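Summary of structural features
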Amino acid sequence: MNEVKKSKEKEAKGEANSPSFRAKARNLLRSRREPSTALHSAQDDKTTWKQWLKRSFILVSCFILLAASLSYAIALWYQHSQSGKPYSLGVTFIPSYAEYLGVDPHETLDALTSDLGVRQFRLVSYWDQIEVSPGMYNFAQLDWQFQAVEKVGGHISLAIGLRQPRWPECHAPSFYDTKQPREQWQPQLETFMTAVVNRYKTSPALASYQLENEFFNHFGSCYNFDRQRLSDELALVKKADAKHPVIVSRSNNYAGFALRGPLGDINGISLYRRVWNTMGPKMYVTYPFPSWHYAALAGVQKIVKGQDSIIHELQMEPWPPNGQNMRDISLAEQNKTFDAARFQSTLKFAKQTGIRHIDLWGAEYWYYRAQVLHDPSVWDTAKTAFKP
């Protein structure tokens, strides 16, 4: 029995010392260690990912804080640099919009000058209203507006070009197709623009031109946003009239700065506060930007480009919901985005920006609300605002 036992022990020792046995042992040991190693590796990867997210969050937060602090500092500088300068309030006036609202354009403009005492106007020169047939112009409507403002010693900023205030934004005659390459219609547009500039550049009321209202804003029935076209038109206006400054305006509440050319002599900023949201939930929303946001925009423009800024369009009328027309919504619905109280708060907000030249948007609506809806509250508030 002992000899058998000793024989088996020798066999076991021999097998243990064999290369194949040692290889099996190593594989078994490795298989027992691998789950632990894999677990530690996954934990390390998870820890590294968390650290990366944390560092990224800190870096982004620091960048946002630094950018906001710098913007706020520039805003304070700009507001301080403008303090003590008088405010200059004006309105945009568009006869066709007054007609749409059911009020007489002549009476509306007369009420603005005589009752409210407005002396600063932004007028339009719609291409489709003036060029009645190819190469034939009728300036009668714009002539009487100039004459009315000249009579009271007022000042005019004249919108020129294809894109001008109010829907459909681009106002091309039906016989020119601006969906086509611009070479097919740009020469006719430039001929028209030259005729407009030559007709009114000697008016004692003309103070400036506004070229292509919010040119890069894709809102409206516009199809060409070629930066070179804007450059060509700016050169054309300057050649026809080197005396009067040209305003080039940016789109509403845009988060960047208008630093890339072409740039006019003056930077125009539009400012809307409460609108109907079409992106996401359909509801009224108030833009979250503080007044110093606009002060920072104007401040950067002044520091980097040496340009003065104006608010060329301050929202002072309701924003109808769901694309409805102004005449089709009730006064109660209109009050959700604009009324006499909002007139006061919006004007106060605009003045807090530090920008001194402010053109109010919606003067035709004020008269319509007083005359057609028999609610003079907004008109009376405007009368107080325009008091010398």
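Residues numbered from 1 in each chain as written. Predicted model: local features only at pLDDT ≥ 70, side-chain atom pairs only at ≥ 80, totals over all residues. Heavy atoms only, no water.

1. Structural notes on the overall build of the protein
Of the regular secondary structure elements, the protein holds 13 helices and 12 strands. Looking at the protein as a whole, 44% of its 388 residues qualify as buried. Put simply, of all contacts in the protein between residues at least 6 apart along the chain, 75% involve residues at least 24 apart. (Helix = DSSP H or I, 4+ residues; strand = E, 2+ residues; numbered from the N terminus. Buried < 20%, exposed > 50% of the residue type's maximum accessible area, 1.4 Å probe, protein only. Contact = heavy atoms within 4.5 Å.)

2. Some thoughts on helix α6 (residues 140-151)
In a regular helix each residue adds 1.5 Å, so 12 residues correspond to 16 Å; α6 covers 16 Å between its end C-alpha atoms and thus fits that length. In the segment just after α6, Gly153 is the residue with positive phi, at about 75°. (Expected span 1.5 Å × (residues − 1).)

3. Structural notes on the pairing of strand β2 (residues 120-124)
Here β2 lies mainly inside the structure; 5 of its 5 residues are buried. The side-chain alternation of β2 yields two buried faces, one formed by Gln120, Arg122 and Val124 and the other by Phe121 and Leu123. Relative to β2, strand β1 (residues 88-92) runs parallel, the two sharing 2 bridges. Looking at the pairing, Val91 lines up with Phe121 of β2. (Pairing = 2+ DSSP bridges.)

4. Focus: the state of the cysteines
The tally for this structure, following the rule as stated, stands at 1 disulfide. For Cys170, the disulfide goes to Cys222, at an S-S distance of 2.0 Å. A torsion of 115° about the S-S bond marks the disulfide between Cys170 and Cys222 as right-handed. One end of the pair, Cys170, is in the loop between β5 (155-160) and α7 (186-200); the other, Cys222, is in the loop between β6 (206-211) and α8 (227-240), with 52 residues separating them in the sequence. The exposure class of Cys170 is buried, given its relative accessible area of 10%. (Disulfide = S-S within 2.5 Å.)

5. Some thoughts on the sheet that holds β1
Either a parallel or an antiparallel arrangement is found when strands of a sheet pair, and the pairing is made through backbone hydrogen bonds. Sheet architecture is closed into a barrel: 8 strands sit in the order β1-β2-β5-β6-β7-β8-β11-β12, paired in parallel fashion. Direction aside, the axes of adjacent strands within the sheet are offset by 30° on average. Strand contacts of helix α12 (residues 363-371): β1 and β12 (357-361), with the helix running at about 75° to β1, the strand carrying the most contacts. (Axes fitted to C-alpha atoms, helices over the stretch in contact; angles between N-to-C directions.)

6. As for the packing of helix α11 (residues 340-352) against helix α13 (residues 377-385)
Contact geometry for α11 and α13: axes closest at 8 Å, N-to-C directions at 30°. Between α11 and α13, the crossing angle belongs to the class labelled roughly parallel. Helix-helix and strand crossings are classified by hand; for α11 and α13 the assignment is right-handed. Facing Ala340, Phe343, Gln344 and Leu347 of α11, the residues of α13 in contact are Ser377, Val378, Thr381, Ala382 and Ala385. When grouped by side-chain class, the residues that make up the contact of α11 with α13 number 6 nonpolar, 3 polar and no charged. (Parallel < 35°, antiparallel > 145°, perpendicular 65-115°, else oblique. Left-handed = near helix turned anticlockwise from the far one by under 90°. Nonpolar A, V, L, I, M, F, W, Y, C, P; charged D, E, K, R; others polar.)

7. Some thoughts on a nonpolar patch on the surface
On the surface, Trp49, Trp52 and Leu53 cluster together to form a nonpolar patch covering roughly 360 Å² of accessible area. Note on placement: Trp52 falls in helix α2 (residues 19-82). (Patch = residues over 30% accessible without salt bridge, like charges linked within 9 Å, V, L, I, M, F, W, Y side chains within 5 Å. Areas by Shrake-Rupley, 256 points an atom, 1.4 Å probe, with all protein chains shown as cover. Salt bridge = Lys/Arg side-chain N within 4 Å of Asp/Glu carboxyl O.)

8. Some points on the pattern of salt bridges
Enumeration according to the criterion identifies 14 salt bridges in this entry. Between Lys383 and Asp115 there is a salt bridge, with the nearest N and O atoms lying 3.3 Å from each other. Here Lys383 is found in helix α13, whereas its partner Asp115 is found in the loop between α4 (105-114) and β2, with 268 residues between them in sequence. The exposure class of Lys383 is partly exposed, given its relative accessible area of 29%.

9. Focus on the side chain of Arg274
Mapped onto the secondary structure, Arg274 falls in strand β9 (residues 274-277). Buried charged residue Arg274 carries no salt bridge. Nearest counter-charge: Glu333, at 8.7 Å. Arg274 has contacts with Tyr284, Val285, Thr286, Gln315, Trp319, Lys336, Thr337 and Arg342, leaving out every residue within four places of it along the chain. (Lys, Arg positive; Asp, Glu negative; His and termini not counted.)

10. Details of the confidence of the model for the protein
For the protein, per-residue confidence averages 90 on the pLDDT scale, and 87% of positions sit at 70 or higher. Of the regions scoring below 50 in pLDDT, residues 1-16 engages in 3 contacts with residues more than four places distant in sequence or in other chains. (pLDDT = per-residue confidence, 0-100.)

11. Overview of the packing of α4 against α12
Close contact between α4 and α12 brings their axes to 10 Å; oriented N to C, the two are set at 100°. Viewed along their axes, α4 and α12 adopt a mutual orientation that is roughly perpendicular. In contact with Glu107, Thr108, Ala111 and Leu112 of α4, α12 contributes Ala363, Glu364 and Tyr367.

12. Looking at the packing of aromatic side chains
Under the criterion given, the structure shown has 21 aromatic pairs. On the basis of an interplanar angle of 75° and a centroid distance of 6.0 Å, the ring pair of Phe139 and Tyr200 is categorised as edge-to-face. In this pair, Phe139 is assigned in the loop between β4 (136-137) and α6 and Tyr200 in helix α7, connecting sequence segments 61 residues apart. Each of the two residues, Phe139 as well as Tyr200, counts as buried. Aromatic rings pair up to connect Trp127, Tyr137, Phe139, Phe146, Phe175, Tyr176, Phe192 and Tyr200 into one cluster. Over the ring of Tyr97 we find Arg166, and its NZ or CZ is 3.5 Å from the ring centre. Over the ring of Tyr87 we find Arg356, and its NZ or CZ is 4.2 Å from the ring centre. (Phe/Tyr/Trp six-rings, centres within 6.5 Å; stacked < 30°, edge-to-face > 60°. Lys NZ or Arg CZ within 6 Å of the ring centre and 35° of its normal.)

13. A few points about the side chain of Gln315
Within the fold, Gln315 resides in strand β11 (residues 308-315). Using a relative accessible area of 4% as the deciding quantity, one classes Gln315 as buried. The residues contacting Gln315, other than those within four sequence positions of it, are Leu271, Tyr272, Arg273, Arg274, Val275, Thr346 and Trp361.

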